[in-house]
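Close look at the chain arrangement
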Amino acid sequence: MIGRLNHIAIAVPDLTAAAAKYRDLLGAHVGQPQALPEHGVTVVFIDTGNSKVELLEPLGEASPIAAFLDKNPSGGMHHICFEVPDILVAAARLVEVGARVLGDGTPRIGAHGKPVLFLHPKDFDGTLIELEEV
Ligand SMILES: CC[C@@H](C(=O)O)C(=O)SCCNC(=O)CCNC(=O)[C@H](O)C(C)(C)COP(=O)(O)OP(=O)(O)OC[C@H]1O[C@@H](n2cnc3c(N)ncnc32)[C@H](O)[C@@H]1OP(=O)(O)O
Ligand SMILES: [Co+2]
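Reference entry: report on the structure contained in this document. Everything quoted here is computed from the prediction, not taken from an experiment. (Residues numbered from 1 in each chain as written. Chains lettered and ligands numbered in written order. Predicted model: local features only at pLDDT ≥ 70, side-chain atom pairs only at ≥ 80, totals over all residues. Heavy atoms only, no water.)

1. Topic: the overall build of the protein
- When you go through the protein residue by residue, the secondary structure sums to three helices and nine strands.
- Walking the protein from its N terminus toward its C terminus, one meets helices and strands in the order β-α-β-β-β-β-α-β-α-β-β-β.
- Scaling as 2.2 N^0.38, a compact globule of 134 residues should have a C-alpha radius of gyration of about 14 Å, and the protein matches this with 15 Å.
- Projected onto the principal axes, the alpha-carbon positions of the protein cover approximately 45 × 30 × 25 Å.
- Put simply, the protein has 134 residues, and 37% of those count as buried.
- Taking the contacts inside the protein whose residues are at least 6 apart along the sequence as the reference set, 56% of them involve residues at least 24 apart.
- Total accessible area on the protein is roughly 7500 Å²; 57% of this is exposed by carbon and sulfur atoms.
- Positive and negative side-chain charges of the protein, numbering 10 and 17 respectively, have mean locations separated by a distance of 3 Å. (Helix = DSSP H or I, 4+ residues; strand = E, 2+ residues; numbered from the N terminus. Rg over C-alpha atoms; globule rule 2.2 N^0.38 Å. Buried < 20%, exposed > 50% of the residue type's maximum accessible area, 1.4 Å probe, protein only. Contact = heavy atoms within 4.5 Å. Areas by Shrake-Rupley, 256 points an atom, 1.4 Å probe, with all protein chains shown as cover. Lys, Arg positive; Asp, Glu negative; His and termini not counted. Charge placed at Lys NZ, Arg CZ, Asp CG, Glu CD.)

And the structure:
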């Protein structure tokens with residue numbers, strides 16, 4: 001059902017510093033910061049050629065990554081995102097087999113302008129999974 005690995009997301013306490021490390025130490029192609037208040041994060045995408053890294057910094061009072069950063073103050077791997085051809089079909093199949101789709105199950109528009117959904121980390125061996133319709 002899942003397709004390509006679209007991105008691996010890393011929550012960071014300081015987006016500017018983290019982006020500079022990827023650009024200056026690793027020589028990566030680092031994009032511009034993008035504020036996404038509806039998701040409670042500011043993101044920077046790093047193109048790795050075969051996939052992407054998404055750096056995430058909290059934005060606003062109710063950021064979904066705030067608790068994660070409280071537990072991991074230096075930052076850490078937050079989620080992985082797989083592409084799916086039809087997100088509603090994917091979500092329905094997952095609910096059928098007992099996986100928890102987060103929120104009310106309605107896809108939201110993600111950083112790439114495409115519908116996204118998240119699956120509970122406790123249902124996937126401690127890894128938060130994002131699905132993006134591509
Ligand atoms: C930019 C848009 C988009 C894109 O297009 O790429 C994004 O990527 S947005 C990224 C940020 N958005 C989200 O993360 C939305 C989905 N997340 C959530 O709904 C919540 O964060 C959550 C996963 C349901 C957790 O929220 P909550 O239950 O309130 O937090 P707790 O701290 O109580 O966690 C419960 C439990 O789960 C463990 N946990 C939490 N986050 C993660 C994680 N990222 N990876 C692994 N495990 C995680 C947490 O440690 C708790 O476990 P226990 O301590 O064992 O109970
Ligand atoms: Co993401």
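Moving on from the coordinates now.
2. A word on the layout of surface pockets
- Space inside the largest pocket adds up to approximately 690 Å³.
- The set of elements that each furnish at least two residues to the lining of the largest pocket consists of strand 4 (41-47), strand 5 (52-58), strand 6 (76-84), strand 8 (115-119) and strand 9 (128-133).
- In the lining of the largest pocket, the residues fall into 16 nonpolar, nine polar and four charged. (1 Å grid on protein atoms, 1.4 Å probe; cavity = no way out; pocket = protein on both sides within 12 Å on 5 of 7 lines; lining within 4 Å. Points joined across faces, edges and corners; volume = space filled by probe spheres on them. Nonpolar A, V, L, I, M, F, W, Y, C, P; charged D, E, K, R; others polar.)

3. Observations regarding the coordination of the cobalt ion (ligand 2)
- For the cobalt ion (ligand 2), the full set of protein donor atoms is His7 (NE2), Glu54 (OE), His79 (NE2) and Glu130 (OE), at a range of 2.1 to 2.3 Å.
- Considering all six donor atoms around the cobalt ion (ligand 2), the spread of angles at the metal, 73 to 168°, places the coordination shape in the octahedral class.
- As a motif over one chain, the donors of the cobalt ion (ligand 2) read H-x46-E-x24-H-x50-E. Here glutamate 54 lies in strand 5 and histidine 7 lies in strand 1 (residues 5-11), a separation of 47 residues in the sequence. Taken individually, histidine 7 and glutamate 54 each receive the classification buried, so the pair is uniform in this respect. (Donors = N, O, S within 2.8 Å, 3.2 Å for Na, K, Ca; no water. Tetrahedral: all angles 85-135°; square planar, octahedral: opposite > 155°, others 65-115°.)

Just distances and angles here, no functional claims.
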